[in-house]
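Breakdown of the fold
Each chain, letter by letter, is given below.
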Amino acid sequence: MAKITFIQHNGTEQTVDGQAGMTVMETAVKNMVPGIDADCGGACACATCHVYVEPGWLEKTGPRNPMEEDMLDFAFDVRDESRLSCQIKVSDVLDGLRVRVPEKQF
Amino acid sequence: MSEEVISTDAVIVGAGPCGLFAIFELGLLDIKCHVVDILDRPGGQCAELYPEKPIYDIPALPIVTGSELTHRLLDQAKPFKPEYHFNQMVTELRKLDDGKFELKTDGGIVFHAKVVVIAAGGGSFQPKKPPIPGIDAYEGQSVFYSVKKMEALRGRDILIVGGGDSALDWTLNLQPIANSLTLLHRRDDFRAAPDSVKKMRELVAAGKMQLKLGQVTGLTGDNGVLASAQVKSTDGNFNIAANTMLPFFGLTMKLGPVAEWGLNLHENLVPVDTAKFETSTQGIFAIGDINTYPGKLKLILSGFHEAALMAQEAFHHIHPGERLLFQYTTSSSSLQKKLGVA
């Protein structure tokens, strides 16, 4: 189990329980976190589950995979800390993870 | 643009897996189908979102890609000679006085059909609009998400944004007729076809166009006419002068015109009953991801089941009072004849 905090564009925070093996996107959808559209349902095919990983957590979430890097071309305002949340697997290491949700996925 | 009216038994809106299987189920009952889809090819989400991704929950196919599933369904539907209309969005649907339905597409096709099957999945795929502040003001005059007529862009100073096939294809197509052309992408890597990327780099090397790396953050202009785009990049911010911008950020699903067809809707889905999969309007059916009913699961296999039951009721709607004999394809010579295997 890992606590994951989603920070909305307006600063609102929501902390939910993530289960090991699920993705951060699935955790968001399951808990009805606004702003994670996940049109394609986790196939890394739509770039609508874009998040910004908060400072200090990037090392633990690891780098983007090549497919994700390609798909981020379809996201808006991509930054160094951009990830697609369907490509981050929850594990105990990520307990306390904080990610920021963009104002709009599109 | 054709003014001709196509008369048919059924129009299926959506050529995803459920729409394709509906051709088969309706075909077994001698119901002739025309199929309309907004994409340029069949498969729906299987084609657009995950053509190469494996699907594991299609009965009897332990593993199949979206693209392979689409091809198998096309093969299965082939004996019924469906007619496909791609790159068309059904914009209007209304009931005529004679009980038939009239459908119109944005490409000017008009259908008169006895039944309509809405198999539109998550709605229609439409270009993503980047949330750049104030972009709305430029849409239609300076900002376009698709190119309808290339000639309209002749002599313009064009900024194309993106790194996929659409961005690269339009770069190569428009460069010869543009006054100036700049391609802007967030990184120096492109997911577009390598051959297009090579051609683009040759044009840059020959000084015929520019390639810039960065992301658009704002637009300036006057009265809907774009003057320049503000760009942020890892090496600082800069402006690109352009009177036309074409952003290509892929497609997203929007419910679209379905909402305007007078059907009852629930949270952007079309409620149906689970015996006939009929909407609030008799003769209009909804199958697959776009419908909802108690216990609904958005699975392709559910859509297949829905297509089979829908076809039975569609038959009764087209042939009121006629008895429909239930038959198996394994044993019925009449069904096998229709399938071309008898």
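Conventions and cut-offs
- Residues numbered from 1 in each chain as written.
- Chains lettered and ligands numbered in written order.
- Predicted model: local features only at pLDDT ≥ 70, side-chain atom pairs only at ≥ 80, totals over all residues.
- Heavy atoms only, no water.
- Helix = DSSP H or I, 4+ residues; strand = E, 2+ residues; numbered from the N terminus.
- Contact = heavy atoms within 4.5 Å.
- Core = buried A, V, L, I, M, F, W, Y, C linked by side-chain atoms within 4.5 Å.
- Buried < 20%, exposed > 50% of the residue type's maximum accessible area, 1.4 Å probe, protein only.
- Domains from an automatic or database assignment.
- 1 Å grid on protein atoms, 1.4 Å probe; cavity = no way out; pocket = protein on both sides within 12 Å on 5 of 7 lines; lining within 4 Å.
- Points joined across faces, edges and corners; volume = space filled by probe spheres on them.
- Nonpolar A, V, L, I, M, F, W, Y, C, P; charged D, E, K, R; others polar.
- Buried area = accessible area lost by both parts, 1.4 Å probe.
- Salt bridge = Lys/Arg side-chain N within 4 Å of Asp/Glu carboxyl O.
- Polar contact = N/O pair within 3.5 Å; in protein donor to acceptor, adjacent residues only side chain to side chain.
- Pairing = 2+ DSSP bridges.
- Axes fitted to C-alpha atoms, helices over the stretch in contact; angles between N-to-C directions.

- An unreviewed UniProt entry annotates chain A as 2Fe-2S iron-sulfur cluster binding domain-containing protein originating from Taklimakanibacter albus.

With respect to the environment of asparagine 237 of chain B
All names here are of chain B.
- Along the chain, asparagine 237 turns up in strand β15 (residues 236-241).
- Residues asparagine 237 and glycine 214, 23 residues apart in the sequence, show an inter-C-alpha distance of 8.5 Å.
- In this view, asparagine 237 contacts Val231 and Lys232; residues no more than four positions away in its chain are not counted.

Description of the nonpolar core
- Ranked by internal contacts, the top residues of the largest apolar core, which has 72 residues, are Ile12, Leu26, Leu69, Leu103, Ile118, Ile287 and Met310 of chain B.
- Apart from the residues lying within four places of it in its own chain, the contact partners of methionine 310 of chain B are Ala22, Leu26, Val117, Lys276, Phe277, Phe285 and Ile287 of chain B.
- Formed by 29 residues, the second largest nonpolar core is a distinct cluster that contains Ile4, Ala28, Cys44 and Trp57 of chain A.

Focus: the domain arrangement of chain B
- According to the domain assignment, chain B consists of domain 1 (5-125 + 252-339) and domain 2 (129-249).
- The straight-line distance from the C-alpha centre of domain 1 of chain B to that of domain 2 of chain B is 37 Å.

Considering the side chain of serine 82 of chain A
Residue and element names in this part refer to chain A.
- Residue placement: serine 82 occurs in strand β4 (residues 82-84).
- When its relative accessible area of 0% is taken as the criterion, serine 82 is described as buried.
- Those residues in contact with serine 82 that lie beyond four places of it in its chain are His50, Val51, Tyr52, Arg64, Leu72 and Asp77.

Points about empty space enclosed by the protein
Residues and elements named next belong to chain B.
- Per the counting criterion, the structure on display carries 3 cavities of 30 Å³ or more.
- What the largest cavity holds in volume is close to 150 Å³.
- As for the largest cavity, its lining consists of 19 residues, of which Val161, Gly214, Gln215, Val216 and Phe249 are closest to the centre.
- Split into classes, the residues belonging to the lining of the largest cavity amount to 12 nonpolar, 4 polar and 3 charged.

Observations regarding unusual backbone geometry
All names here are of chain B.
- Its identity as a non-glycine residue notwithstanding, asparagine 223 has a phi of 55 degrees, on the positive side.
- Along the chain, the position of asparagine 223 falls in the loop between β13 (215-222) and β14 (225-233).
- Look at glutamate 267: it is not a glycine, yet its phi comes out positive at around 50 degrees.
- Along the polypeptide, glutamate 267 turns up in the loop between β17 (251-254) and β18 (270-271).
- A residue is classified by how much of its surface remains accessible, and glutamate 267, at 68% relative accessible area, is exposed.

Examining the interface of chain A and chain B
- Between chain A and chain B, the residue contacts involve 23 residues of the former and 21 residues of the latter.
- Together, the buried faces of chain A and chain B total about 1900 Å²; carbon and sulfur atoms form 54% of this surface.
- Three residues stand out in chain A for area buried against chain B, namely Asp73, Phe76 and Phe106 of chain A, and they jointly supply 36% of the buried area on that side.
- The tally of links from chain A across to chain B stands at 5 salt bridges.
- Close ionic contact of arginine 186 of chain B with aspartate 73 of chain A constitutes a salt bridge, the shortest N to O distance being 2.9 Å.
- At the junction of chain A with chain B, the criterion picks out 13 residue pairs in polar contact (both at pLDDT 80 or more).

What about the sheet that holds strand β2 (residues 13-18) of chain A?
Residue and element names in this part refer to chain A.
- Taken in spatial order, the 5 strands of this open sheet run β2-β1-β5-β3-β4, and their pairing is mixed. Whereas interior strands pair on both sides, the edge strands pair on one side only; in this sheet they are β2 and β4. The sheet shows a mean angle of 35 degrees between the axes of neighbouring strands, direction not considered.
- Here strand β1 (residues 2-7) pairs with β2 via 6 bridges, running antiparallel. Looking at β2, one finds that isoleucine 7 is bridged to glutamate 13.

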